[in-house]
Amino acid sequence: MNNLVDLLSTKIPLGDWVEAVVDFLIINFSGPLNLFSEVVSSLIDGFEGVLSFGHPLLLIIIFVLLAWKLKGVKIATFVAVGFLLVLNLRMWDYLVITLAAIITSVIISLMLGIPIGILKAHNSVIDLITRPFLDFIQTIPPFVYLIPALMFFGLGNVSGVLATVIFAIAPPIRLTALGIKQVSDELKEAGRAYGCTTWQMLYKVELPLALPSIMLGINQCIMLSLSMVVIAAMIGAGGLGEPVLRSLSTVDIGLGFEAGLGVVILAMVLDRLFGRDE
Amino acid sequence: MKMMEIKNLFKIFGDNPERGLKLLNEGYSKAEVLEEVNLTVGVNDVSFDINSQEIFVIMGLSGSGKSTLLRCLNRLNEPTAGEIKLAGENLLELDQEELRQLRRDKFGMVFQNFALFPHKTVLENAEFGLEVQQVDKSEREVKAKEALEKVGLAGWEEQYPEQLSGGMQQRVGLARALAVDPDILLMDEPFSALDPLIKKEMQDKLLDLYYQLDKTIIFITHDLDEALKLGDRIAIMNDGEIVQLGTSEEILTNAKNDYVREFVQDVNRSRILTAEDIMTEPLELVYEQDGPHTALHKMRTNQISSIFAVKDKRKLEGIVKIEDVVTAINQGEEELDGLIQEVSTVGPEDNINELFAQIADLDIPLPVLDDQGRLLGIVIKSNVLANLAGNKV
């Protein structure tokens, strides 16, 4: 009896185990980790370079034209007003850094997420394995995986991007898989009856029919990336999150509002540009 | 000439279907196999030949295994055992690549719910089989357009399937199959989702194409009328087995067992029509408040020489004839009441033979009344005669 009470009152050293695993990875996989770090940081730098090339007005004009072409005059006007306001509030440089981090995170998330989603739709074992992982990363407080990211890559935007990818990868995986699973059996049968190869089946039948769902996944991925990029400022990722964090520590309501508004405007612009028309 | 030979074909769904196969060979029934080893028998020891350029109809109720059998023929359903020979080659021995090639070259398939791609235009849908075969764009456009023309859809190329009616969508499905110029058309209840008139039109279209095109057609249906109309030979399936195979005449006159007999009886029974089936809505009626002028006007606009008079809630009063109305108007009569004559009536359940006896020497339509004396519709002599003639089939 006493033994049982002892057993129950002994804390399982789960935290220690996780630490041990992370330590093990850091020591034994420094090569791949460094490579990842190099690739990600050069991606971010590259996008930052492109986005801050020339005068900010040049980029704003490009965005407005893009919005006009994709979504029409109303959205284009909104983009113009929103971005000019950000520029005026002296938040533009932060916005560029945030945008570069988002683009990098979204590209990585989609490059991993969509293929995983496709595999998940076709393979019940992968489906079964990925499900608890997805539940885990979607529900655990996002601050928590700032820590391993920090341990792997130190302070800076690479850690920020890693945390963002983990945070934002679930919707593209889930919605790609869902979209493919929802393709009707009769249509898949039609594909097979006319002699589709597995590959033809995927890109002639399944992906086109799953497209609306995949697009929704991409939209969600962008939105989640944005919200995480702000949180990632806590581990030195820079961008719009930085003034937000600074305003918090100095109780500067004015700065907090201006930076917050920058985040909102960026979010709305991205959503209107890459979202589905409602 | 034989197109396909099917020998001792089995399809059993579930894990380790061999267990079921063993039991079936030992003489267990489909139901017993389900109970013993929890396996579903789709096709149970089926053997038959399909002749070149015939319309071979497989018919049965839902769950009889007809769609499963059809899908075994191009291995969309992998048969558990047996042999399917096409041009001397056993299809069950082909590897995946050979099978794919065979599906591309030999078969075209048409589906019950059309299975058109909503993101592709009519033309792109018709091109699908050729696209899969990697035929180049210009050539497959030409072939797909030809196929669309054959099914009567020229001019609709740029529409999307959802913009088309059901009948037209199935024409696209048919064009998609014809575009690859297959030897064999597999049609899985292609017209079941269509309404009766369109269905008949599509059946005629199919027969028309069949006479032009030298194809072998394997056609699934649950509708005996359709089977009799289209099939050179008909296989009737029940519980995964073929219970009778023969021409329509053989099936109708020489049913092999009770199951088939019941089918055939159903057909004959449904041909006994009642007044309700053939009645039509009267073109126009006169009501209590109408006078002779109104009655005359109504008859003139509808070009009829008599009109039924009803009062509240369509209770039949009788009939008014045009000559009486004209006389009444000339005499300055203002009321219709005196002009209404009594007529003989029938009930909705009266069968067509009784109707014939009553209507033979009438020159006015027969009103059909419910048990409250309300007018449900009218039966016209030409309708009775046409349906009587149809009944002799």
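Residues numbered from 1 in each chain as written. Chains lettered and ligands numbered in written order. Predicted model: local features only at pLDDT ≥ 70, side-chain atom pairs only at ≥ 80, totals over all residues. Heavy atoms only, no water.

1. Points about the overall build of chain B
No. 1: Secondary structure assignment for chain B yields 16 helices and 15 strands.
No. 2: Counting across all 393 residues of chain B, residues that qualify as buried make up 49%.
No. 3: Long-range pairs, those at least 24 residues apart, make up 64% of the contacts in chain B with a sequence separation of at least 6.
No. 4: Counting only carbon and sulfur atoms, one obtains 45% of the accessible surface of chain B, whose full area is about 19,000 Å².
No. 5: A gap of 4 Å separates the mean positions of the 42 positive and 71 negative side-chain charges of chain B. (Helix = DSSP H or I, 4+ residues; strand = E, 2+ residues; numbered from the N terminus. Buried < 20%, exposed > 50% of the residue type's maximum accessible area, 1.4 Å probe, protein only. Contact = heavy atoms within 4.5 Å. Areas by Shrake-Rupley, 256 points an atom, 1.4 Å probe, with all protein chains shown as cover. Lys, Arg positive; Asp, Glu negative; His and termini not counted. Charge placed at Lys NZ, Arg CZ, Asp CG, Glu CD.)

2. Section: the domain arrangement of chain B
No. 1: You can read the domains of chain B as domain 1 (2-270) and domain 2 (275-390).
No. 2: Of note, the centres of domain 1 of chain B and domain 2 of chain B, computed from C-alpha atoms alone, are 49 Å apart. (Domains from an automatic or database assignment.)

3. As for the interface of chain B and chain A
No. 1: With 28 residues of chain B in contact, the opposing surface of chain A contributes 16 residues.
No. 2: For the pair chain B and chain A, the summed buried area comes to about 1,900 Å², and 59% of that belongs to carbon and sulfur atoms.
No. 3: The interface formed by chain B and chain A holds 2 salt bridges in total.
No. 4: Here Lys204(A) and Glu131(B) are joined by a salt bridge, their closest N and O atoms 2.8 Å apart.
No. 5: The tally of links between chain B and chain A comes to 11 residue pairs in polar contact (both at pLDDT 80 or more).
No. 6: Among the elements of the structure, α4 (96-106), β6 (107-110), α5 (122-132) and α7 (166-179) of chain B are those that each provide at least two residues to the side of chain B that touches chain A.
No. 7: Here the side of chain B that touches chain A gets 4 residues from one element, more than from any other, and that element is α5(B).
No. 8: Counted by class, the side of chain B that touches chain A contains 12 nonpolar, 8 polar and 8 charged residues. (Buried area = accessible area lost by both parts, 1.4 Å probe. Salt bridge = Lys/Arg side-chain N within 4 Å of Asp/Glu carboxyl O. Polar contact = N/O pair within 3.5 Å; in protein donor to acceptor, adjacent residues only side chain to side chain. Nonpolar A, V, L, I, M, F, W, Y, C, P; charged D, E, K, R; others polar.)

4. Things to note about a nonpolar patch on the surface
No. 1: Together, Ile12(A), Leu14(A), Trp17(A) and Val18(A) make up an exposed nonpolar region whose accessible area comes to about 440 Å².
No. 2: By the element assignment, Ile12(A) lies in the loop between α1 (2-9) and α2 (14-28). (Patch = residues over 30% accessible without salt bridge, like charges linked within 9 Å, V, L, I, M, F, W, Y side chains within 5 Å.)

5. Examining the environment of Leu43(A)
All names here are of chain A.
No. 1: Position of Leu43 among the secondary structure elements: in helix α3 (residues 30-51).
No. 2: Taking the relative accessible area as the measure of exposure, Leu43 reaches 29% and is therefore partly exposed.
No. 3: Measuring from C-alpha to C-alpha, the distance between Leu43 and Ser105 comes to 9.7 Å, with 62 residues separating the pair along the chain.

6. A look at the environment of Asp361(B)
No. 1: Tracing the chain through its elements places Asp361(B) in the loop between α15 (352-359) and β14 (366-369).
No. 2: Each C-alpha atom, one on Asp361(B) and one on Asn77(B), is 61 Å from the other, the two residues being 284 residues apart in sequence.

7. Here we look at the nonpolar core
No. 1: Within the largest apolar cluster, 90 residues are counted, with the highest numbers of intra-cluster contacts made by Met4(B), Met187(B), Ile218(B) and Phe219(B).
No. 2: Sorting elements by how many residues they give to this core places α7(B) first, with 7 residues.
No. 3: Once residues within four sequence positions are removed from consideration, Met4(B) is found in contact with Phe48(B), Asp49(B), Ile50(B), Leu73(B), Ile84(B), Lys85(B), Leu86(B), Leu91(B), Phe107(B), Ile184(B) and Ile218(B).
No. 4: Ile44(A), Trp92(A), Val165(A) and Ile218(A) belong to the second-largest nonpolar core, a separate cluster that totals 69 residues. (Core = buried A, V, L, I, M, F, W, Y, C linked by side-chain atoms within 4.5 Å.)

8. Section: the side chain of Lys215(B)
All names here are of chain B.
No. 1: Structurally, the position occupied by Lys215 is in the loop between α8 (196-213) and β8 (216-221).
No. 2: On the accessibility criterion, Lys215 (7% relative accessible area) is buried.
No. 3: Of note is the side chain of Lys215, whose polar atom sits 2.5 Å from the side chain of Asp181.
No. 4: For Lys215, the contacting residues outside a window of four places in its chain are Gln53, Glu54, Leu178, Asp181, Pro182, Asp183 and Tyr210.

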